[in-house]
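Structure at a glance
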Amino acid sequence: MTTFETSIFESLESEVRSYSRSWPSVFQSASGSWIRDESGREYLDFFAGAGALNYGHNNPVMKDALVDYIVGDGITHGLDMSTVAKRKFLESFKRNVLDPRGLDYKVQFPGPTGTNSVEAALKLARKATGRESIINFTNAFHGMTLGSLSVTGNSMKRAGAGVPLVHATPMPFDNYLGGVTEDFQWFERVLDDSGSGLNRPAAVIVETVQGEGGVNVARPEWLRALADLCARREILLIVDDVQMGCGRTGPFFSFEVAGITPDIVTLSKSISGYGLPMALTLFKPELDLWAPGEHNGTFRGNNPAFVTATVALDHYWADDALQQSTMDKGAHIHGIFSNLADTFGGVSTRGRGMVQGLVFDDPGMAVKVCGLAFDEGLLAETSGPSDEVVKLLPPLTTTTDELDHGLSILAEATAKVFA
C-alpha cells in the first residue's frame, strides 16, 4: 500500500476502526474464499464478513442475477413498497425455508442490520406482553444500538452507550457455571420468589451459539428446557440467529437441532447471500400487533438484496446438500482442532457446524496465532471476553482443500506460539 493511502485511513478515518488494525493491508478484490490486496497478495478468508458471506465473495450465481437486475433498471430503494423483487424473495423464503420446516412466521423487514432486527424483536415482545423486562445471557452479543446493547454482555461495548442500560437482566448461559448449578435453577427461583425483585419478563433472548462471546455452544437439551420454561410462564422466546442462521451451523436455522420453535427470530448477515445489508424479524402470526408504520426504517426495502437473497435460497436451500456439506466440513475442522488440543496444553475446542473455536487458556496466544496466520495469508479473528478464542467462520462454500490449507496455517501458528 502507498504512504498516501495509509495516511488517509489514519488521518481521516475515526479511531473506532478495528479490523484494519489486525489486518494492515488495503484490499481490492475478492472471489469465493479468497480476498486480495492491492499488491496482488491473496488471503484465504476464514472470517467471511463476520458471517455475512456464507456463500463466499462475489458468488457468481448471485452476481449474475444482481448485474442483470441493475442493468435492467430494477428498483433499488423501495422502503416497504411492494416490488417484484420483494415478492420473489418472500415466495422463495416461504417455499425453501418456512414450508419445509413447518414454520408459520410473519416476516418483517426492520432495517438493514442485525441490530435493527433485534430492536424490532424487543419492541414487539414488550408491545405484545405489556411487560418491560428482558432476560438475556452472560457473554451474549446482540448489537450496538441501545436496546441491543442492553441485552449484550460485553462490558466495553456496553460502556460505549454512555447512558444506563436498563430493563434487562442477565442469566447464566449453558455451562457458564461449569455444571455446578442445575440448569435454570436461579432463573426459576427468582421468577417464583415474590421477594426476588425480578419483574416477570416480556421475553428471553438467546443465541444458540454465542459467536462474539467465544463460540459458546448451548446444548440442545438446554435450549429445549429454556423453550419449555418460557412456554410454561408465558414468556416469549427470541432466538438471535443473526450470525448463526442461514446455514452456519448446518441447518438453515441454528435452533433446528433442538427441535424448538421460537416465538421471534432475528436474521441478518447472510440472509442477502451476497453481503448486501438486509435483515428480517420473524414472529408467530398472533404477535403481529404492529400498527402501520409503527416501526420503520428508510433502508428496509433493499431490493438488490432481495434479488441476491432469492438466488441464494433457490440455489442452496432447495435441498439439504449444503446443510450436509456444512456439517461434514465442521466435523473436519473440529477433528483438526481436537488434534491441536491434544498436542498442546491449555488448548481446547468447541463449535457447531462451520463456526469453530480454538480456545486458549492464555488469551494472548489466540491474538498471536491470528497475527501469525495473517502473515501467512489467512484471515481469522478472535472472540470471547478476553479474546481467548480463535474463531473460524469460513464461507460454507469453502472447499476441503482450502480448509486444509487454512487449518495447516493455524496449526503452524499454534506450534510457533508454544515454541
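First things first, this report covers the structure right here in the doc. Only a predicted model underlies this, so the values are computations on that prediction, with no experimental measurement involved.

What follows is about the overall build of the protein chain. Along the protein chain, the regular secondary structure elements total 14 helices and 17 strands. In terms of principal-axis extent, the alpha carbons of the protein chain reach across some 60 × 60 × 45 Å. Looking at the protein chain residue by residue over its 419 residues, the buried ones come to 51%. Long-range contacts, defined here as pairs at least 24 residues apart, represent 74% of the contacts in the protein chain between residues at least 6 apart. Total accessible area computed for the protein chain in this model is approximately 18,200 Å², and 53% of it derives from carbon and sulfur atoms. Taken together, the 34 basic and 51 acidic charged side chains of the protein chain have centroids lying 5 Å from each other.

Quick look at the packing of aromatic side chains now. Under the criterion given, the structure shown has 19 aromatic pairs. An angle of 55° between the planes, with centres 4.7 Å apart, marks the rings of Tyr19 and Phe47 as tilted. Residue Tyr19 is found in helix H2 (residues 19–22), and its partner Phe47 is found in the loop between strand S3 (42–45) and helix H3 (48–51); the two are separated by 28 residues along the sequence. On the accessibility criterion, Tyr19 (37% relative accessible area) is partly exposed. Taking 5.0 Å as the distance between ring centres and 15° as the angle between the ring planes, the aromatic pair formed by Tyr43 and Phe374 counts as stacked. One end of the pair, Tyr43, is in strand S3; the other, Phe374, is in helix H13 (residues 363–375), and 331 residues separate them in sequence. With relative accessibility at 7%, the residue Phe374 sits in the buried group. Ring-pair connections join several aromatic residues into one group, and the members of that group are Phe89, Phe93, Phe109, Phe252, Phe253, Phe255, Phe306 and Trp317.

Ranked by internal contacts, the top residues of the largest apolar core, which has 82 residues, are Phe89, Phe93, Leu226, Phe252, Phe253, Leu267 and Val390. With 8 residues, the single largest contributor to this core is helix H11 (residues 303–316). If you look at the next biggest cluster of nonpolar residues, it comprises 16 residues, including Ala121, Leu236, Ile264 and Trp290.

Counting through the fold element by element, Arg352 comes out in strand S13 (residues 347–352). One buried charged residue, Arg352, remains without a salt bridge, the closest side chain of opposite sign being Glu221 at 7.4 Å. Within polar-contact distance, the side chain of Arg352 engages the backbone oxygen of Ala218 at 2.9 Å. In contact with Arg352, not counting residues within four places along its chain, are Thr208, Val209, Val217, Ala218, Arg219, Pro220, Arg248, Thr249, Ser254 and Val257.

The subject of this paragraph is a nonpolar patch on the surface. Judged by side-chain polarity, Ile8, Phe9 and Leu12 come together as a nonpolar surface patch covering roughly 290 Å² of accessible area. With respect to the helices and strands, the residue Ile8 is situated in helix H1 (residues 3–12).

Conventions we followed
Residues numbered from 1 in each chain as written. Predicted model: local features only at pLDDT ≥ 70, side-chain atom pairs only at ≥ 80, totals over all residues. Heavy atoms only, no water. Helix = DSSP H or I, 4+ residues; strand = E, 2+ residues; numbered from the N terminus. Buried < 20%, exposed > 50% of the residue type's maximum accessible area, 1.4 Å probe, protein only. Contact = heavy atoms within 4.5 Å. Areas by Shrake-Rupley, 256 points an atom, 1.4 Å probe, with all protein chains shown as cover. Lys, Arg positive; Asp, Glu negative; His and termini not counted. Charge placed at Lys NZ, Arg CZ, Asp CG, Glu CD. Phe/Tyr/Trp six-rings, centres within 6.5 Å; stacked < 30°, edge-to-face > 60°. Core = buried A, V, L, I, M, F, W, Y, C linked by side-chain atoms within 4.5 Å. Salt bridge = Lys/Arg side-chain N within 4 Å of Asp/Glu carboxyl O. Polar contact = N/O pair within 3.5 Å; in protein donor to acceptor, adjacent residues only side chain to side chain. Patch = residues over 30% accessible without salt bridge, like charges linked within 9 Å, V, L, I, M, F, W, Y side chains within 5 Å.

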